[in-house]
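# Results of the structural survey
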Amino acid sequence: MESPTSTKVIVEPAARLSGLVNCPGDKSISHRYALIGALATGRTTVIRYSPGADCLSTLECLRSLGVKIRYQKGSGDNDSCVQIEGRGLSGLSETSENLNAGNSGTTLRLLAGILAAHPFRSTITGDLSLCRRPMERVIDPLRTMGADIQAESNCPPVTILGGQLQGVAWNPTVPSAQVKSALLLAGLHATGRTTVREPTLTRDHTERALTLFGVEVTRAGLAVSVTGNSTPRARDVRVPGDFSSAAAWAVAAAALPGSEIEISDVGLNPSRTVLLDVLQRAGAKVVSEVHSETNCEPSGRLTVAHRKLQPIIISPVEVPGLIDELPLLAALATHRGGGLTLTGASELRNKESDRITALVKGLRALGANISEQSDGLTVTGDCTLTGGTVDPKADHRLVMAFAIAALGASGPSTILGADAVSVSYPTFFETLNSLRK
Ligand code: S3P
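These notes cover the structure that comes with them.

Definitions and cut-offs
- Residues numbered from 1 in each chain as written.
- Predicted model: local features only at pLDDT ≥ 70, side-chain atom pairs only at ≥ 80, totals over all residues.
- Heavy atoms only, no water.
- Buried < 20%, exposed > 50% of the residue type's maximum accessible area, 1.4 Å probe, protein only.
- Helix = DSSP H or I, 4+ residues; strand = E, 2+ residues; numbered from the N terminus.
- Right-handed = clockwise from strand over helix to strand, strands pointing away.
- Phe/Tyr/Trp six-rings, centres within 6.5 Å; stacked < 30°, edge-to-face > 60°.
- Polar contact = N/O pair within 3.5 Å; in protein donor to acceptor, adjacent residues only side chain to side chain.
- Contact = heavy atoms within 4.5 Å.

## Some points on the pairing of strand E7 (residues 121-125)
Most of E7 is tucked away, with four of its five residues classed as buried. At this point the chain moves from strand E6 (residues 99-100), through helix H3 (residues 105-115), to the parallel E7, and the crossover so formed is right-handed.

## Some thoughts on the packing of aromatic side chains
Going through the model one piece at a time under the given rule, you end up with five aromatic pairs. On the basis of an interplanar angle of 45° and a centroid distance of 6.0 Å, the ring pair of Tyr33 and Phe213 is categorised as tilted. Residue Tyr33 is located in helix H1 (residues 27-39), and its partner Phe213 is located in the loop between helix H6 (205-212) and strand E12 (217-220); the two are separated by 180 residues in the primary sequence. Tyr33 gets classed as buried once you look at its relative accessible area, which sits at 2%. Residue Phe213 is classed as buried on the basis of its relative accessible area of 1%. Relative to Phe428, the ring of Tyr425 has its centre 5.7 Å away and its plane inclined at 75°; by these criteria the two rings are edge-to-face. Take Tyr425 and Phe428: they sit in the same class, and that class is buried.

## What to know about helix H11 (residues 396-406)
Three- or four-residue spacings in an α-helix give side chains the same orientation, since the helix completes a turn every 3.6 residues. Among the 11 residues in H11, 11 count as buried, and that is most of the element. Buried residues of H11: His396, Arg397, Leu398, Val399, Met400, Ala401, Phe402, Ala403, Ile404, Ala405 and Ala406, and no others. The N-terminus of H11 is capped by Asp395, whose side-chain oxygen sits 3.0 Å from the backbone nitrogen of Arg397.

## Describing the side chain of Arg133
Position of Arg133 relative to the elements: it lies in the loop between E7 and helix H4 (136-145). By relative accessible area, which is 4% here, Arg133 ends up buried. Within the local environment of Arg133, its side chain forms a polar contact with the backbone oxygen of Asn350, the two atoms lying 3.0 Å apart. Ignoring sequence-local partners within four residues, the contact set of Arg133 consists of Asn103, Gly105, Arg109, Asn154, Cys155, Pro156, Asn350, Lys351 and Glu352.

Structure (structure tokens):
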């Protein structure tokens, strides 16, 4: 998202929210099905592919690399259908154009893992936000595996000259599903075994998706391995609703007295749902029921209702499982009775924006009592927000977090550049309005 102030949205306070929501397809899972489908033999059909700009960037990059893709946008957010003609392992074609990952770190990092094994030069770039994000976390291990990778100051554009890779045993210092996934995807093409030993468990969608596409993945504690020369087999798959999008409604329901929101057909993979424990600690009533394990991913129904809000403390060990929901928890903490102490979260500074600084500035502009630390922030939920004007720095998660905070203010709030929300949840504001009672 290049233009931070192009679309303003005014959010009025809400007395309560209630109703039933069906969120768009999961962003993380959609990326993986598209990328693995492109490496598979045969045609993969993906139903409910995420309509967000990030996942469309993945499809555009794959098209530039010679993958035939048919994308049928459905009538709503939930019935899009993508057909991907797999090119087989190491079957992508050289392109002279730069690959544009847009705002999407997942596209860039996972594709880097795949291109590291292709014997041609390719350059992946992105928007201003992506070109500020650190890439040495994937560059270093992929170089160790044998790829030649150049990136000035370790930021995009990243130029990769791929080739035959050797398997590696890598212990990333930062817990990151993107790093783990890039290495496992590179490992599919490598000689021998590739093992990633994470410092803390991160979302395991790549492991589940590879298994679904017929690749053997082994896990021993925090170590996950694949063996080289494993070609995925095409599948017809369906993406569950995005838990991180549903999180906005779960948090809004927890925040506003008298609210109850039900989210149907949402992903409930335990590596993503730490938020539900935290919402219970914050006082909310939370009921989640897994109805299906289709495609190796648990999904079901989630209902969250308001109960008297309590201040919360997030410990560093919880951060990886909550990484995309932390802005929403900062928003929750500004509602009456709330409060938040967050530490061990310096990774938030490496996201689509520096989320610590941007949250502190934005929530303070709305009237919050909030302070910034190098690895976190503290919110005292002892005042009602006044409302005001906030700049989410073209970061989709901050647009949603500021909107949920603004619901509890005494006056209206203006969110600048609110169109950034379309990176993951294009119909976010329509859904918000449909829940107002
Ligand atoms: C993602 C992993 C997380 C998350 C991002 C999506 C993924 O990033 O913040 O929104 O799909 O693998 P990191 O792996 O960098 O923590």
